[in-house]
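Given next are the chains, with one letter for each unit.
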Amino acid sequence: MTTTSPAPAGVRVPDTRLAREATELVRDTTDELIYGHSRRVYFFAALQGRNRDLSFDPELLYVGAMFHDLGLGERFRTSGRRFEVDSADEARRFLAARQVPEDSIRRVWTAIALHTTPGIPEFMEPEVALVTAGVEYDVLGIGYGDLSDAERAAVVALHPRPDFKQRILAAFTDGIRPKPETTFGNVKADVLEHYVPGFQRGDFVRTILDSPWPE
C-alpha cells in the first residue's frame, strides 16, 4: 500500500481509493467540526494502536473513524434510531457498494455502533477497540498522557480544535435533541440533561418497577 503526506507523528492515511472516497464523502456531507474531529480520531486511534502494539487494518480503522459521527447530521434526526446506528449503517452501505468483504464490514459497523459504549470495545477486534480509543482521546481526554506532546501537537496542527469542547457538545445536542428516547441507558443522556430544558432521562429502575409484569 502506498501512502501520501501529511503524516502527523508518522501516521498516514491509507492511500487507497476506498480511503479517498471516504474522505470525500465525509468532507462533502459534514461540516469542518465533524470532519476535523473524525480525522483526529483516526490519527489518535492509530497512534494508540502503535503504542499498544496492535495489528490493525488502517483502511478499516480510517473508515470507522471517518463515519462514526455521520449520524449526527440533519437528515438522520427523524430516524428514531441512535445516531451511532445511523452512522454505522451509512458506513455499511458505503463499504457494501464497494464490494468490501462482509467480515470487514462487520468490524467497521461494530466499531462505529459501540463507540459511545465504554467497557466493551476494548475487548474486541483492534479496529473496534481503536475507534473508541480515538474518540475517547479526542472528546474525553482519556489516555491523554499516553501520547507525547509532540504527537498530540502534530495531529492538532493538521486539524485544529478551536473551542472544540463547546462545539462538539452543541453538535451532539443538535443531533439527538429530536430523538431523546434514543439516549436511554447511554452517555448522550448527559448531554440532553445539560442542554435541553425539560429533558428527563429514562430511569432503568422505574422502567422495571412500572413494567406490565404483575410480580
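Quantities reported herein were computed from a predicted structural model and do not represent experimental measurements.

## Observations concerning the nonpolar core
Then comes step 1: Ranked by size, the top nonpolar core spans 40 residues in total, and within it Tyr 42, Val 63, Phe 67 and Leu 95 carry the most contacts.
Then comes step 2: Secondary structure elements with two or more residues in this core: α1 (17-29), α2 (32-51), α3 (58-67), α4 (83-96), α5 (102-113) and α6 (126-140).
Then comes step 3: With eight residues, the top contributor of residues to this core is α2.
Then comes step 4: Ignoring anything within four residues of it in the chain, the contact list for Leu 95 reads Leu 18, Val 63, Val 100, Ile 105 and Val 108.

## Considerations on unusual backbone geometry
Then comes step 1: Although it is not a glycine, Ala 9 sits at a positive phi angle of roughly 55°.
Then comes step 2: By relative accessible area, Ala 9 is classed as partly exposed at 23%.
Then comes step 3: With a phi angle near 60°, Asp 53 is a residue other than glycine that sits in the positive phi range.
Then comes step 4: Its location among the elements puts Asp 53 in the loop between α2 and α3.

## Describing the environment of Gly 143
Then comes step 1: Note on placement: Gly 143 falls in the loop between α6 and α7 (149-158).
Then comes step 2: Look at Gly 143 and you get partly exposed, because its relative accessible area is 23%.
Then comes step 3: Sequence separation between Gly 143 and Gln 48 is 95 residues; the distance between their C-alpha atoms is 9.0 Å.
Then comes step 4: Residues contacting Gly 143, with those up to four places away along its chain left out, are Gln 48 and Tyr 137.

Conventions we followed
- Residues numbered from 1 in each chain as written.
- Predicted model: local features only at pLDDT ≥ 70, side-chain atom pairs only at ≥ 80, totals over all residues.
- Heavy atoms only, no water.
- Core = buried A, V, L, I, M, F, W, Y, C linked by side-chain atoms within 4.5 Å.
- Buried < 20%, exposed > 50% of the residue type's maximum accessible area, 1.4 Å probe, protein only.
- Helix = DSSP H or I, 4+ residues; strand = E, 2+ residues; numbered from the N terminus.
- Contact = heavy atoms within 4.5 Å.

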